[in-house]
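Topology and contacts: notes
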Amino acid sequence: MIAWFRANPRPILLIGIGIVILGGFFAVVAPLFDTGGAPAAQIAGVLPDHVTAGSQFEVDIALDNQGDSVLSQSCVQIGIQGPVRPDYAIFANIDRETFSNGLTCGGALSGQETISIRLFLTAGSPGSARVSLTPVQQSKTLGSGIAGTVSVGPA
(Lines give C-alpha, C1' and ligand atoms only; values in the text may rest on other atoms or scores of the structure.)
Protein backbone atom coordinates (compact mmCIF):
# COMPACT_ATOMS: atom_id res chain seq x y z
CA MET A 1 0.00 0.00 0.00
CA ILE A 2 2.81 2.43 0.86
CA ALA A 3 4.45 1.63 -2.45
CA TRP A 4 1.23 2.55 -4.27
CA PHE A 5 1.12 5.96 -2.50
CA ARG A 6 4.76 6.60 -3.45
CA ALA A 7 4.04 5.70 -7.06
CA ASN A 8 0.82 7.81 -7.17
CA PRO A 9 1.36 11.06 -5.14
CA ARG A 10 -1.41 12.99 -6.93
CA PRO A 11 -4.37 11.64 -4.82
CA ILE A 12 -2.50 12.44 -1.59
CA LEU A 13 -1.75 15.96 -2.84
CA LEU A 14 -5.38 16.53 -3.86
CA ILE A 15 -6.67 15.26 -0.51
CA GLY A 16 -4.21 17.57 1.30
CA ILE A 17 -5.31 20.57 -0.78
CA GLY A 18 -8.97 19.69 -0.12
CA ILE A 19 -8.37 19.55 3.64
CA VAL A 20 -6.60 22.94 3.59
CA ILE A 21 -9.41 24.55 1.55
CA LEU A 22 -12.10 23.05 3.79
CA GLY A 23 -10.26 24.16 6.94
CA GLY A 24 -9.83 27.67 5.54
CA PHE A 25 -13.52 27.82 4.65
CA PHE A 26 -14.59 26.91 8.18
CA ALA A 27 -12.03 29.30 9.72
CA VAL A 28 -13.52 32.19 7.73
CA VAL A 29 -17.23 31.31 7.70
CA ALA A 30 -17.75 29.83 11.19
CA PRO A 31 -17.17 33.14 13.05
CA LEU A 32 -19.93 34.73 10.96
CA PHE A 33 -22.46 32.50 12.71
CA ASP A 34 -21.25 33.42 16.20
CA THR A 35 -24.15 35.29 17.82
CA GLY A 36 -22.88 35.15 21.37
CA GLY A 37 -21.57 37.92 23.55
CA ALA A 38 -23.11 40.76 25.46
CA PRO A 39 -25.55 42.96 23.54
CA ALA A 40 -24.33 46.48 22.79
CA ALA A 41 -26.00 49.25 20.79
CA GLN A 42 -25.70 52.96 20.14
CA ILE A 43 -28.10 55.63 18.90
CA ALA A 44 -26.87 58.31 16.53
CA GLY A 45 -28.84 61.34 15.39
CA VAL A 46 -29.61 64.97 16.11
CA LEU A 47 -32.54 66.47 17.96
CA PRO A 48 -34.02 69.67 16.49
CA ASP A 49 -33.22 72.95 18.24
CA HIS A 50 -36.60 74.60 17.64
CA VAL A 51 -40.08 73.28 16.93
CA THR A 52 -43.50 74.94 16.63
CA ALA A 53 -46.06 74.53 19.42
CA GLY A 54 -49.02 72.33 18.51
CA SER A 55 -47.27 70.65 15.58
CA GLN A 56 -45.79 67.22 14.99
CA PHE A 57 -42.08 66.97 14.25
CA GLU A 58 -39.74 64.18 13.18
CA VAL A 59 -36.41 63.01 14.58
CA ASP A 60 -34.31 60.72 12.37
CA ILE A 61 -31.99 58.38 14.25
CA ALA A 62 -29.92 55.29 13.56
CA LEU A 63 -29.76 52.34 15.94
CA ASP A 64 -26.44 50.52 15.57
CA ASN A 65 -26.04 47.02 17.01
CA GLN A 66 -22.35 47.15 17.93
CA GLY A 67 -22.18 43.66 19.39
CA ASP A 68 -22.14 40.23 17.78
CA SER A 69 -25.34 39.06 19.46
CA VAL A 70 -28.75 39.38 17.86
CA LEU A 71 -31.09 41.89 19.49
CA SER A 72 -34.45 40.14 19.67
CA GLN A 73 -36.11 43.55 19.48
CA SER A 74 -34.65 46.90 18.51
CA CYS A 75 -36.03 49.18 21.24
CA VAL A 76 -35.70 52.89 21.93
CA GLN A 77 -36.58 54.38 25.29
CA ILE A 78 -37.51 58.05 25.32
CA GLY A 79 -37.34 60.32 28.32
CA ILE A 80 -39.09 63.70 28.11
CA GLN A 81 -39.31 66.55 30.58
CA GLY A 82 -41.40 69.36 29.14
CA PRO A 83 -44.10 70.07 26.56
CA VAL A 84 -43.36 67.29 24.06
CA ARG A 85 -45.29 64.03 23.61
CA PRO A 86 -43.99 60.92 21.74
CA ASP A 87 -46.44 59.60 19.14
CA TYR A 88 -44.94 56.73 17.14
CA ALA A 89 -41.82 55.43 15.41
CA ILE A 90 -41.22 53.95 11.97
CA PHE A 91 -38.51 51.28 11.89
CA ALA A 92 -36.62 50.89 8.57
CA ASN A 93 -39.49 52.63 6.73
CA ILE A 94 -41.58 49.50 7.30
CA ASP A 95 -42.88 48.97 10.84
CA ARG A 96 -44.94 51.67 12.54
CA GLU A 97 -44.92 51.22 16.32
CA THR A 98 -46.48 53.46 18.96
CA PHE A 99 -44.79 54.48 22.20
CA SER A 100 -45.96 52.76 25.36
CA ASN A 101 -44.61 53.98 28.70
CA GLY A 102 -41.80 55.80 26.88
CA LEU A 103 -40.73 52.71 24.92
CA THR A 104 -41.09 51.64 21.29
CA CYS A 105 -39.75 48.43 19.77
CA GLY A 106 -39.26 47.15 16.24
CA GLY A 107 -38.00 43.84 14.89
CA ALA A 108 -34.82 41.90 15.49
CA LEU A 109 -31.44 43.41 14.70
CA SER A 110 -28.50 41.18 13.72
CA GLY A 111 -24.98 41.69 15.03
CA GLN A 112 -23.13 44.67 13.52
CA GLU A 113 -26.35 45.82 11.77
CA THR A 114 -27.72 49.37 11.71
CA ILE A 115 -31.36 50.35 11.28
CA SER A 116 -32.93 53.75 10.59
CA ILE A 117 -35.76 54.89 12.82
CA ARG A 118 -38.01 57.90 12.29
CA LEU A 119 -39.52 59.17 15.55
CA PHE A 120 -42.62 61.37 15.46
CA LEU A 121 -43.31 63.64 18.42
CA THR A 122 -45.84 66.41 19.05
CA ALA A 123 -44.87 69.74 20.60
CA GLY A 124 -47.25 71.13 23.18
CA SER A 125 -47.29 74.62 24.66
CA PRO A 126 -44.31 77.00 24.21
CA GLY A 127 -41.34 76.33 26.46
CA SER A 128 -38.43 73.95 26.42
CA ALA A 129 -38.25 70.18 26.68
CA ARG A 130 -35.39 67.92 27.66
CA VAL A 131 -35.42 64.82 25.42
CA SER A 132 -33.25 61.71 25.76
CA LEU A 133 -33.18 58.61 23.55
CA THR A 134 -31.55 55.40 24.79
CA PRO A 135 -31.14 51.92 23.21
CA VAL A 136 -32.61 49.24 25.50
CA GLN A 137 -33.50 45.57 25.52
CA GLN A 138 -35.80 44.17 28.21
CA SER A 139 -35.32 47.30 30.39
CA LYS A 140 -31.51 47.00 30.16
CA THR A 141 -29.57 49.92 28.69
CA LEU A 142 -27.37 48.69 25.83
CA GLY A 143 -25.17 51.73 25.26
CA SER A 144 -25.08 55.43 24.60
CA GLY A 145 -27.94 57.44 23.19
CA ILE A 146 -28.57 61.08 22.48
CA ALA A 147 -30.02 63.86 24.59
CA GLY A 148 -30.71 67.53 24.23
CA THR A 149 -33.05 70.44 24.77
CA VAL A 150 -35.76 71.24 22.25
CA SER A 151 -37.18 74.76 22.29
CA VAL A 152 -40.93 74.89 21.60
CA GLY A 153 -41.90 78.21 20.07
CA PRO A 154 -45.33 79.78 19.57
CA ALA A 155 -47.36 78.81 16.50
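Throughout what follows, the structure given in this document is the object of discussion.

How each quantity is defined
- Residues numbered from 1 in each chain as written.
- Predicted model: local features only at pLDDT ≥ 70, side-chain atom pairs only at ≥ 80, totals over all residues.
- Heavy atoms only, no water.
- Core = buried A, V, L, I, M, F, W, Y, C linked by side-chain atoms within 4.5 Å.
- Buried < 20%, exposed > 50% of the residue type's maximum accessible area, 1.4 Å probe, protein only.
- Helix = DSSP H or I, 4+ residues; strand = E, 2+ residues; numbered from the N terminus.
- Contact = heavy atoms within 4.5 Å.
- Pairing = 2+ DSSP bridges.
- Phe/Tyr/Trp six-rings, centres within 6.5 Å; stacked < 30°, edge-to-face > 60°.
- Lys NZ or Arg CZ within 6 Å of the ring centre and 35° of its normal.
- Salt bridge = Lys/Arg side-chain N within 4 Å of Asp/Glu carboxyl O.
- Disulfide = S-S within 2.5 Å.

**A short note on the nonpolar core**
The biggest cluster of nonpolar side chains holds 29 residues, and the ones touching the most others in it are Val59, Ile61, Ile117, Leu119 and Leu133. Broken down by secondary-structure element, the contributors of at least two residues to this core are strand 1 (41-45), strand 3 (56-65), strand 4 (75-81), strand 5 (84-91), strand 8 (114-123), strand 9 (127-137) and strand 11 (146-153). With 5 residues, strand 8 is the single largest residue contributor to this core. Every residue in contact with isoleucine 61, bar those within four places of it in the chain, is listed here: Ile43, Ala44, Gly45, Val76, Ile115, Ser116, Ile117, Leu119, Leu133 and Ile146.

**Side note on the pairing of strand 5**
Burial of strand 5 is extensive: 6 of the 8 residues sit out of reach of the surface. Taken together, the 7 bridges between strand 5 and strand 8 define a ladder with antiparallel strand orientation. Each bridged residue has a counterpart across the sheet, and for valine 84 the counterpart in strand 8 is alanine 123. By the bridge criterion, 4 bridges tie strand 5 to strand 6 (residues 95-98) in an arrangement that is antiparallel.

**Let's talk about the packing of aromatic side chains**
Per the counting criterion, the structure on display carries 1 aromatic pair. Relative to phenylalanine 120, the ring of tyrosine 88 lies with its centre 4.7 Å away and its plane at 20 degrees, an arrangement referred to as stacked. Of the two residues, tyrosine 88 is situated in strand 5 and phenylalanine 120 in strand 8; the sequence distance between them amounts to 32 residues. For tyrosine 88, a relative accessible area of 13% translates into the label buried. Residue classification places phenylalanine 120 among the buried residues on the basis of a relative accessible area of 8%. Its guanidinium or amino end placed over the ring of tyrosine 88, arginine 96 lies 3.6 Å from that ring's centre, counting from NZ or CZ.

**Digging into the environment of aspartate 60**
Mapped onto the elements, aspartate 60 comes out in strand 3. Under the relative-accessibility criterion, aspartate 60 is labelled partly exposed at 48%. Remark: the alpha-carbon pair of aspartate 60 and isoleucine 90, spanning 30 residues in sequence, is separated by 9.7 Å. If near-sequence neighbours (up to four positions away) are discounted, aspartate 60 is found in contact with Ala44, Gly45, Val46, Ile117 and Arg118.

**Things to note about the environment of serine 72**
Assignment of secondary structure puts serine 72 in the loop between strand 3 and strand 4. In this structure serine 72 comes out as partly exposed when scored by relative accessible area, which is 46%. Sequence separation of serine 72 and glutamine 138 is 66 residues, and the distance between their C-alpha atoms is 9.5 Å. Sequence-distant contacts of serine 72, that is, excluding residues within four places in its chain, are made with Gly107, Ala108 and Gln137.

**Comments concerning the pattern of salt bridges**
Going through the model one piece at a time under the given rule, you end up with 2 salt bridges. A salt bridge links glutamate 58 to arginine 118, with the shortest nitrogen-to-oxygen separation between them at 2.8 Å. Here glutamate 58 is found in strand 3, whereas its partner arginine 118 is found in strand 8, with 60 residues between them in sequence. A residue is classified by how much of its surface remains accessible, and glutamate 58, at 35% relative accessible area, is partly exposed. Of the residues examined, arginine 118 reaches a relative accessible area of 28% and is grouped as partly exposed. A salt bridge links aspartate 87 to arginine 85, with the shortest nitrogen-to-oxygen separation between them at 3.1 Å.

**Quick word on the state of the cysteines**
Tallied over the entire structure, the rule returns 1 disulfide. Sulfur-sulfur distance for the disulfide between cysteine 75 and cysteine 105 comes to 2.0 Å. On the sign convention where negative means left-handed, the S-S torsion of about 110 degrees between cysteine 75 and cysteine 105 marks this disulfide as right-handed. With cysteine 75 in strand 4 and cysteine 105 in strand 7 (residues 103-105), this pair connects stretches of sequence that are 30 residues apart. Cysteine 105 gets classed as buried once you look at its relative accessible area, which sits at 18%.

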